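Architecture and fold: a report
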Amino acid sequence: MTKFTNIRSKVIVIPNRNIDTDQIIPARFLKVTDKNGLGDALFSDWRYANDGTTNPDFVLNQKQNQGSQILLTGDNFGCGSSREHAPWALTAWGIRAVISTSFADIFRNNALKNALLPIEVSSDIHQSLFDLLDENNKSEISIDLASQTLTASNNINIEFPIDKFAKKCLLTGVDQLGYILSYQDLIKSYEAL
Amino acid sequence: MASNQQTLFEKIWKSHIVSEEPDCPAIVYIDLHLVHEVTSPQAFTGLRKRGIKVRRPDLTLATMDHSIPTTPLSIPIADDQAAQQLDHLAKNCKDFDIQLYGMDSPRRGIVHVIGPELGRTQPGMTIVCGDSHTSTHGAFGALAFGIGTSEVEHVLASQCLLQYQPKTFEVNVNGQMELGVSAKDIILSLISTIGIGGGTGHVFEYTGTAIKSLNMEERMTICNMSIEGGARAGMIAPDDTTFEYLAGREYSPKGKEWDKSLERWRKLPTDEGATYDQSINIDASSLEPMITFGTNPGMGVKITDRIPDPAKLTDLHARQNLENSLEYMQLKPGQSLINQPIDVVFVGSCTNGRISDLRLAANLLKDRHIAEDVRMLVVPGSQEIKSQAESEGLHNIFTNAGAEWREAGCSMCIAMNGDEVESGQYAVSTSNRNFEGRQGKGARTFLASPLTAAASALNGKITDVRKIL
Ligand code: SF4
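Residues numbered from 1 in each chain as written. Chains lettered and ligands numbered in written order. Predicted model: local features only at pLDDT ≥ 70, side-chain atom pairs only at ≥ 80, totals over all residues. Heavy atoms only, no water.

**Examining helix α3 (residues 80–95) of chain B**
All names here are of chain B. Compared with an ideal rise of 1.5 Å per residue, which puts 16 residues at 22 Å, α3 spans 22 Å between its outermost C-alpha atoms and is within 8% of the ideal. Those residues of α3 not exposed but buried are Ala82, Ala83, Gln85, Leu86, Leu89, Asn92 and Cys93. The inward-facing, buried residues of α3 abut β3 (32–35), α2 (41–50), β4 (60–63) and β5 (99–101). Structurally, the start of α3 carries an N-cap: the backbone nitrogen of glutamine 81 is 2.9 Å from a side-chain oxygen of aspartate 79. Immediately downstream of α3, the backbone of aspartate 97 shows phi near 65 degrees, a positive value. (Helix = DSSP H or I, 4+ residues; strand = E, 2+ residues; numbered from the N terminus. Expected span 1.5 Å × (residues − 1). Buried < 20%, exposed > 50% of the residue type's maximum accessible area, 1.4 Å probe, protein only. Contact = heavy atoms within 4.5 Å. Polar contact = N/O pair within 3.5 Å; in protein donor to acceptor, adjacent residues only side chain to side chain.)

See below:
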């Protein structure tokens, strides 16, 4: 697995709640047989009109947001289907961390396996981040995984939660399948029960 | 004290732990792994890269459902990418020795329909699939949940998964449903109450007299949509209804094995006095047919209720969300959904594409014709259901009524195979998701039961089925 390195970046804001994986990447893009090249399909139905032209109002299409690595979004991000294509599309576009008050379970698991960091914050902090970016959309946020801190310019400096195992995997690039396979003997004895 | 008393979930969880260490997720053993064409190719690529085999092909089974056309097999697949994906699955199953219910198999169908149909889904099992509606199998008293493609690779390679123990959430449903109200209405009502994130981090267990009285297909409808309430899994304790369904199925245990299994299965139900982390009560007698009006399954109302008004919401984000949904749906606050004109009706999917669903819809359509300009698509959940329906003459009822009768598959539930609702059209659908674009870009979906769907097809407008029963 790719390691997670610290980020300092401008932030893309999509305030909608309950953004489901069908919005992150519509099902018609799931006919691929590899993981690559899904960046163009990210938020496709919001990014492009029916005739395929770009929607200039959508944040992903705005010049100042190109190169941003952090997405700030509404509650319950990533609900719906189990498609890992969602984190593949987000990371292919360049997103490396998503900030919300909550994440759907399968999305969180999938994200963590792709070095995409789901950062869960309280509603208060969530609101202050929206306020900050409302005032100045050039504001940057820094994320340091080792110390689990998120820092923004308006005196926000918080510690975010992440389970120890996921953190270790992200920091050192642990191969999770390799980890499971190191328990072969126990798996065998379980099967023999 | 209550410490020895366990819930159904806890019993299955504990008995499947291979290893558990502090600060790490548990290594959980998986009894059945279901595979389909969409979420598996990259996992097989991963195995090839590492040069490893599938650890337990005997505990793995594959089918083709998501991108498969529902037109007759004789018509070649028009979509090259879909054809390629299906070929990939066929090759992967061959190379890795996995049993595949492929294109021309009479047992093929939606993965969550054929698992139970074949008797592969059994009480007490851990079951996973790269698909969020794996929760369906929980209807048999199994712990079944959806996983991502990386995890599909983990299970193929090791038959195990890394998981943290989820919390438990009892959904206790009592009382008798009115005629015209069905299992779909129970689950839509639950989700509209707790919201689509309400069950996050939890496993639902559905209990109560109303659940006990449901048949297996109805139980599957309910467990299927657990994920729409945010719970990865939903479960129902196995009982005689479960055992009767399983008896004699192709892969159900036979003879002495059956007796032994029964003995084990009977010990699974939650012990009296065991506790859940959360619970909710639903009075089934107060339920009405449900219909969604918005762009997630939690945005549903009783069919006689009106669409909520965003102006009445104090939370800014919630208001904005509702406004966005109504804008997408082109519906007005305070509007009644009854008599809302519709263009398409879809009866099918792993939620409501089983034989009992088709029978309900057919009963209403018998000797009647659907509205002039409505397109109605009836898609059986499996080829087995298709032949059963045809042996009962249901296909004739559907086609005589003006509906299209198709081959099995996911079809318009996910609109990957060319079966789509056009942009701007309204559809009443028996599937499980009304997300923006789910049934085709710009498509507007109302989720409802097969009864509501068929009644609405007849009138060309959203209809309270109780009025025509
Ligand atoms: S019918 Fe719909 S929900 Fe069920 S497996 Fe197919 S696409 Fe998923």
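**A short note on the interface of chain A and chain B**
In this assembly, 56 residues from chain A lie in contact with 66 residues from chain B. At the boundary of chain A with chain B, total buried surface from both sides reaches about 5000 Å², with 54% on carbon and sulfur atoms. Among the residues of chain A in contact with chain B, Lys31, Thr33 and Tyr190 of chain A are the three that bury the most area, contributing 15% of the side total. In this structure, the connection of chain A to chain B is made through 9 salt bridges. The salt bridge partner of aspartate 45 of chain A is lysine 441 of chain B, with a shortest N-O separation of 4.0 Å. Put simply, chain A and chain B have 29 residue pairs in polar contact (both at pLDDT 80 or more) between them. Split by residue class, the side of chain A that touches chain B holds 21 nonpolar, 18 polar and 17 charged. (Buried area = accessible area lost by both parts, 1.4 Å probe. Salt bridge = Lys/Arg side-chain N within 4 Å of Asp/Glu carboxyl O. Nonpolar A, V, L, I, M, F, W, Y, C, P; charged D, E, K, R; others polar.)

**Focus on the sheet that holds strand β6 (residues 126–129) of chain B**
Either a parallel or an antiparallel arrangement is found when strands of a sheet pair, and the pairing is made through backbone hydrogen bonds. All names here are of chain B. Sheet architecture is open: 5 strands sit in the order β5-β4-β3-β6-β7, paired in parallel fashion. With partners counted over all chains shown, the strands left at the sheet margins are β5 and β7 (143–146), one partner each. Pairs of neighbouring strands in the sheet enclose a mean axial angle of 20 degrees, with direction left out of account. Bridge count for β6 against β7 is 4 bridges, and the pairing is parallel. The partner of threonine 126 across the bridge, within β7, is leucine 143. (Pairing = 2+ DSSP bridges. Axes fitted to C-alpha atoms, helices over the stretch in contact; angles between N-to-C directions.)

**With respect to the site of the ligand**
The full set of residues close to the ligand is His66, Ile110, His112, Asp131, His133, Ser349, Cys350, Cys410, Cys413, Ile414, Asn432 and Arg438 of chain B. Of the residues that constitute the shell around the ligand, the class distribution is 5 nonpolar, 5 polar and 2 charged. (Near = heavy atom within 4 Å.)

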